[in-house]
Amino acid sequence: MLFQSLEEARNFYRDYAKHAGFAIKIRNTNKSKKSNEILNQLISCNREGKRRSDVPVSEKTNSVYAANCPARVYVHHLRIIGLWEISKVVLGHSHPCCPNHAAMFPQYRELSMHVRRTIQINDEA
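The protein chain appears in an unreviewed UniProt entry as FAR1 domain-containing protein from Stylosanthes scabra.

Structural data, given as structure tokens:
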């Protein structure tokens, strides 16, 4: 797939992740040494990697843990035509994904304007 900007590609994968029931993180970004422009980016599931802590998951306050999840997309810049392309895609997860609970991830939480204003008023009082 081709996109006009890196942000557009990121938003596309973020929307897909929300509908599939997982959150994303930017794993790696490579920049040009000369012009410092972004050349490519690796966007992965937020449960990518391995858990390194000796504290059991059941005792942690943060319930999101690394599960060595392979799900990711690799986006790179096609300089000749000026577009961004998703070149590699891995869709399989090593953990269950639940679309119904996707709204609980911090990156997908949204407050309505009314709720936000109510919180501001209560904080001022």
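From this point, things continue past the structure.
**Q** Explanation requested: the pairing of strand β2 (residues 24-31) in the structure shown.
**A** Look at any regular strand and the pattern is simple: side chains alternate between the two faces of the sheet. Bridging between β2 and strand β3 (residues 38-45) involves seven bridges; their strand directions are antiparallel. By the bridge assignment for β3, Ile24 is matched with Cys45. Between the end of β2 and the start of β3, which pair antiparallel, lie six residues, with Asn36 showing a positive phi angle near 60 degrees.

**Q** Just checking my understanding: could you explain the pairing of strand β5 (residues 83-90) for this structure?
**A** Here strand β1 (residues 2-3) runs beside β5; their pairing, made up of two bridges, is antiparallel. Bridging from a neighbouring strand, Leu2 pairs with Glu85 of β5. Counting the residues in the hairpin turn of strand β4 (residues 72-78) and β5 gives four residues, including Gly82, whose phi is positive at 75 degrees.

**Q** Honestly, the side chain of Ser44 in this entry has me stumped. Any pointers?
**A** Position of Ser44 among the secondary structure elements: in strand β3. Assessed through its relative accessible area of 0%, Ser44 is described here as buried. The residues contacting Ser44, other than those within four sequence positions of it, are Ala23, Ile24, Lys25, Arg27, Ala71 and Arg72.

**Q** Even after reading the chapter, I still don't get the packing of aromatic side chains, so can you show me in this structure?
**A** Pairs of aromatic rings are described using the distance from one ring centre to the other and the angle between the two planes. Here the structure, examined in full by the defined rule, presents four aromatic pairs. Ring plane angle 45 degrees and centroid distance 5.4 Å describe the contact between Phe3 and Phe12, whose orientation is recorded as tilted. Under the relative-accessibility criterion, Phe12 is labelled partly exposed at 36%. Relative to Phe22, the ring of Tyr13 has its centre 6.1 Å away and its plane inclined at 65 degrees; by these criteria the two rings are edge-to-face.

Rules used throughout
Residues numbered from 1 in each chain as written. Predicted model: local features only at pLDDT ≥ 70, side-chain atom pairs only at ≥ 80, totals over all residues. Heavy atoms only, no water. Pairing = 2+ DSSP bridges. Helix = DSSP H or I, 4+ residues; strand = E, 2+ residues; numbered from the N terminus. Buried < 20%, exposed > 50% of the residue type's maximum accessible area, 1.4 Å probe, protein only. Contact = heavy atoms within 4.5 Å. Phe/Tyr/Trp six-rings, centres within 6.5 Å; stacked < 30°, edge-to-face > 60°.

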